[in-house]
Amino acid sequence: MTLLDAVLSLSEATARDEVLQRILRALAEVTAADALSVLAAAEDGSVGVAAQIGLSPAALGISFRPAEHPRLRRATLADGPIRFLDPSEPDPYSGWLLGSAGEIHPIHACMAVPLRVQGRLAGLLTLDACDPHGLRGLRDEDARVFAGLCAGALRLDAGPAPALATEARRAPGRAPGGPALPGRSAAMQRIEREIAALAPLPVPVLVTGETGVGKELVARALHERSPRANRALVIVNCAAIPAQLVESELFGHRKGAFTGATAARAGRFEAAHGGTIFLDEIGELPLSAQAQLLRALQEGEIQPVGEDRARRVEARVVAATNRDLRREVAEGRFRADLFHRLWVYPICVPPLRERREDIPALCERFAAELAAELGAERVDFTEPALLALAQGAFPGNVRELKNTVERAVLRRMIAEGKGAAGRRLVLRREDVAPVEAVVGGAAERSGAPLVAPAGEPLWLGDTPREEPVEPLVETLERARREAFVRAFRAAGGNAAMAGRLLGLSRSFAYKEAVRLGLVPAPRPRQR
């Protein structure tokens, strides 16, 4: 991603948020910033996160009132780039930075640039670097260039292009860009009709189905086709939040409410005010949080941890679960009153094995997404390959199918010994073989020893071998380097794809590759 790519995205992309994300990626490659964001100004004077890199995913859509944050207030009044040098001023993103604790050290590099359109404040561009000198290489003139691009992007609609929006109004049963879940099966057509009917309504919706069937896609479609589409969609994985922090994450807390609450923090419900909050795996919520959630649904009120008074909040709730909530209620793990409040109209997404006729359409969608990500001309399937995929078991449903297609693309790239950029890839029957068959066959051919099952002794043999033993730290570093080399080679140098293969974020994969000397370190742009 270069500055030229960011400029071209202004004319090529159809949605504002897509353009902003491209601009931030280009800026990330010429700075040492750990977190970047674009905040869009709202009519009520607040600024909300419209695009970000390096922050918690939950930060997307959260709003700030500049009057309550000294740095944001100064930035909105500034004429140009402003660098914050007073460590006593709190950073509004403290607690949102990706990492174990998410806290930002008081002494760090922080910069903001106001975004103005026709003389009026349209938003802010912010940069944070944990290294106090991390933004020294970014000149004010360069920051103004990127700010100008962001300001231009903010003039675009937050949603689809006007022509597509008009088409959506004419045909409310179909989202711009295609159905929520691609497929021609009767089940998918039923779900499309249900989404079309429920999207304009403020009622809560419960999406049920096995893991990996695409419940989040249904939630996104409900939001994007609703009158709230230009406001935030906040996604919360209830299963990933520690039980003792659930109420704080959902409803916020005041400063000093508990150990570690060094600053007041808005919860996910406030971040979703005016928009939609998607509570994935809602069956994992503890009973104490369920009581507050019921109050939010019935009264439109939340009470942050440590506060005496409730706050008004208006957000549409879409929830999802792979559990049988009726059984959870019967066994006392889920509140009956909350269940009935959510069970207004459930949408049940069937497993992939019950709608195999949808597999070709899903494969084509995943292939198109991969082609765009890898820079390939296109990704196609041979008939035997599609037939093999249509007959697959896929206990992990749509998520497993997507992983299978991604793995097939990487196998084809490795087999041909070339990257994907600018090329047409054709996936064959052997590319889509289950991973167990490939791994098992490789182990059998190589004669690699298998790990003994738990509880059984691992015999080392009677014949000692004189092999040098290196320090563990060197062994781990060598293995780490080899893993990164293989991943970047398989991904054709694409850091995002390499990070996905390694189970890492794109930014961390790129920085680690720089440290290992696999890719050149970025240099600030010279004018």
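Everything quoted here is computed from the prediction, not taken from an experiment. (Residues numbered from 1 in each chain as written. Predicted model: local features only at pLDDT ≥ 70, side-chain atom pairs only at ≥ 80, totals over all residues. Heavy atoms only, no water.)

Caption draft 1: Focus on the overall build of the protein. Scanning the protein from N- to C-terminus turns up 19 helices and 15 strands. Looking at the protein as a whole, 44% of its 527 residues qualify as buried. At a minimum sequence separation of 6, the contacts of the protein that also span at least 24 residues come to 67%. Surface summary for the protein: the accessible area is close to 27600 Å², and the carbon and sulfur share equals 53%. (Helix = DSSP H or I, 4+ residues; strand = E, 2+ residues; numbered from the N terminus. Buried < 20%, exposed > 50% of the residue type's maximum accessible area, 1.4 Å probe, protein only. Contact = heavy atoms within 4.5 Å. Areas by Shrake-Rupley, 256 points an atom, 1.4 Å probe, with all protein chains shown as cover.)

Caption draft 2: How the structure looks around the packing of helix α2 (residues 16-28) against helix α4 (residues 140-154). Between α2 and α4, the least distance of the axes is 9 Å, while the angle of their chain directions is 170°. Relative to α4, the element α2 is oriented roughly antiparallel. Residues Arg 16, Val 19, Leu 20, Ile 23, Ala 26 and Leu 27 of α2 touch α4, and the partners they reach there are Phe 146, Leu 149, Cys 150, Ala 153 and Leu 154. Residue classes in the contact of α2 with α4 are distributed as 10 nonpolar, no polar and one charged. (Axes fitted to C-alpha atoms, helices over the stretch in contact; angles between N-to-C directions. Parallel < 35°, antiparallel > 145°, perpendicular 65-115°, else oblique. Nonpolar A, V, L, I, M, F, W, Y, C, P; charged D, E, K, R; others polar.)

Caption draft 3: How the structure looks around the packing of aromatic side chains. Overall, the coordinates contain three aromatic pairs when judged by the stated rule. Ring plane angle 25° and centroid distance 5.5 Å describe the contact between Phe 251 and Phe 269, whose orientation is recorded as stacked. Pair noted here: Phe 251 is in helix α8 (residues 246-251) and Phe 269 is in helix α9 (residues 268-271), with a separation of 18 residues, a long-range link. An identical accessibility class is assigned to Phe 251 and Phe 269; each is buried. Note on Phe 484 and Phe 488: the rings are 6.5 Å apart at their centroids and 20° apart in plane angle, and the pair reads as stacked. (Phe/Tyr/Trp six-rings, centres within 6.5 Å; stacked < 30°, edge-to-face > 60°.)

Caption draft 4: Focus on the nonpolar core. Core analysis: the biggest nonpolar cluster contains 48 residues, and Phe 269 and Leu 279 have the highest contact counts within it. Apart from residues no more than four positions distant in its own chain, Leu 279 is found in contact with Val 236, Cys 238, Leu 250, Leu 293, Val 317, Val 318, Ala 319 and Ala 320. (Core = buried A, V, L, I, M, F, W, Y, C linked by side-chain atoms within 4.5 Å.)

Caption draft 5: Structural detail: the sheet that holds strand β1 (residues 35-41). Taken in spatial order, the six strands line up as β3-β2-β1-β6-β5-β4 in an open sheet, and their pairing is antiparallel. The open sheet has two edge strands with one neighbour each: β3 (63-64) and β4 (82-83). Running at roughly 55° to strand β2 (residues 47-53), α2 makes contact with β1, β2 and β6 (120-129) of the sheet. Set on the sheet, helix α3 (residues 70-77) makes contact with β2, β3, β4, β5 (109-117) and β6; between it and β5 the angle comes to about 40°. (Pairing = 2+ DSSP bridges.)

Caption draft 6: A look at the confidence of the model for the protein. Predicted confidence across the protein gives a mean pLDDT of 79, with 81% of residues reaching 70 or more. When the criterion is pLDDT under 50, residues 436-466 qualifies, and its contacts beyond four places in sequence or with other chains add up to five contacts. (pLDDT = per-residue confidence, 0-100.)

Caption draft 7: Representation of the pairing of β5. Counting buried positions along β5 yields eight of nine residues, so the element is predominantly enclosed. Pairing of β4 with β5 involves two bridges; the strand directions are antiparallel. Looking at the pairing, Ile 82 lines up with Ala 112 of β5.

Caption draft 8: Layout of helix α15 (residues 397-416). Here α15 is 20 residues long and its end C-alpha atoms lie 29 Å apart, about the 28 Å a rise of 1.5 Å per residue gives. Among the residues of α15, those classed as buried are Asn 397, Val 398, Leu 401, Thr 404, Val 405, Glu 406, Ala 408, Val 409, Leu 410, Arg 411, Arg 412 and Met 413. One or two positions beyond α15, positive phi appears at Gly 417, with a value near 70°. (Expected span 1.5 Å × (residues − 1).)

Caption draft 9: Highlighting the sheet that holds strand β12 (residues 316-321). The strand order across the open sheet formed by five strands is β8-β9-β12-β7-β13, and the pairing between neighbours is parallel. The open sheet has two free edges, formed respectively by β8 (233-237) and β13 (346-348), since each of these has just one partner strand. Each strand axis lies, on average, 20° off the axis of its neighbour in the sheet, ignoring direction. Here strand β9 (residues 276-280) pairs with β12 via four bridges, running parallel. From the neighbouring strand, Phe 278 faces β12, where its bridge partner is Val 318.

Caption draft 10: Inspection of the environment of Glu 377 at higher detail. One can find Glu 377 in the loop between α13 (359-374) and β14 (378-381). The exposed category is assigned to Glu 377, whose relative accessible area is 57%. On a C-alpha basis, the gap between Glu 377 and Ala 421 in space is 7.3 Å, while along the polypeptide they are 44 residues apart.

Caption draft 11: Quick peek at unusual backbone geometry. Its identity is not glycine, yet Glu 281 carries a phi of approximately 55°, on the positive side. Residue Asn 397 is not a glycine yet carries a positive backbone phi of 65°. When you line up the elements, Asn 397 lands in helix α15.

Caption draft 12: A look at the pattern of salt bridges. Scanning the model with the defined rule gives 30 salt bridges in all. The residue Glu 328 makes a salt bridge to Arg 333 at a minimum N-O spacing of 2.9 Å. Glu 512 is the partner of Arg 480 in a salt bridge, and the nearest nitrogen-oxygen pair spans 2.7 Å. With Arg 480 in helix α17 (residues 472-490) and Glu 512 in helix α19 (residues 506-515), this residue pair connects regions lying 32 residues apart in the sequence. On the basis of relative accessibility, which here comes to 33%, the residue Arg 480 falls in the partly exposed class. With relative accessibility at 9%, the residue Glu 512 sits in the buried group. (Salt bridge = Lys/Arg side-chain N within 4 Å of Asp/Glu carboxyl O.)

Caption draft 13: Just the environment of Val 519, in detail. Within the fold, Val 519 resides in the segment after α19. Residue class for Val 519 comes out buried when judged on its relative accessible area of 19%. Sequence-wise, Val 519 and Gly 493 are 26 residues apart; in three dimensions their C-alpha atoms are separated by 8.5 Å. Those residues in contact with Val 519, other than ones at most four positions away along the chain, are Phe 488, Tyr 510, Ala 513 and Val 514.

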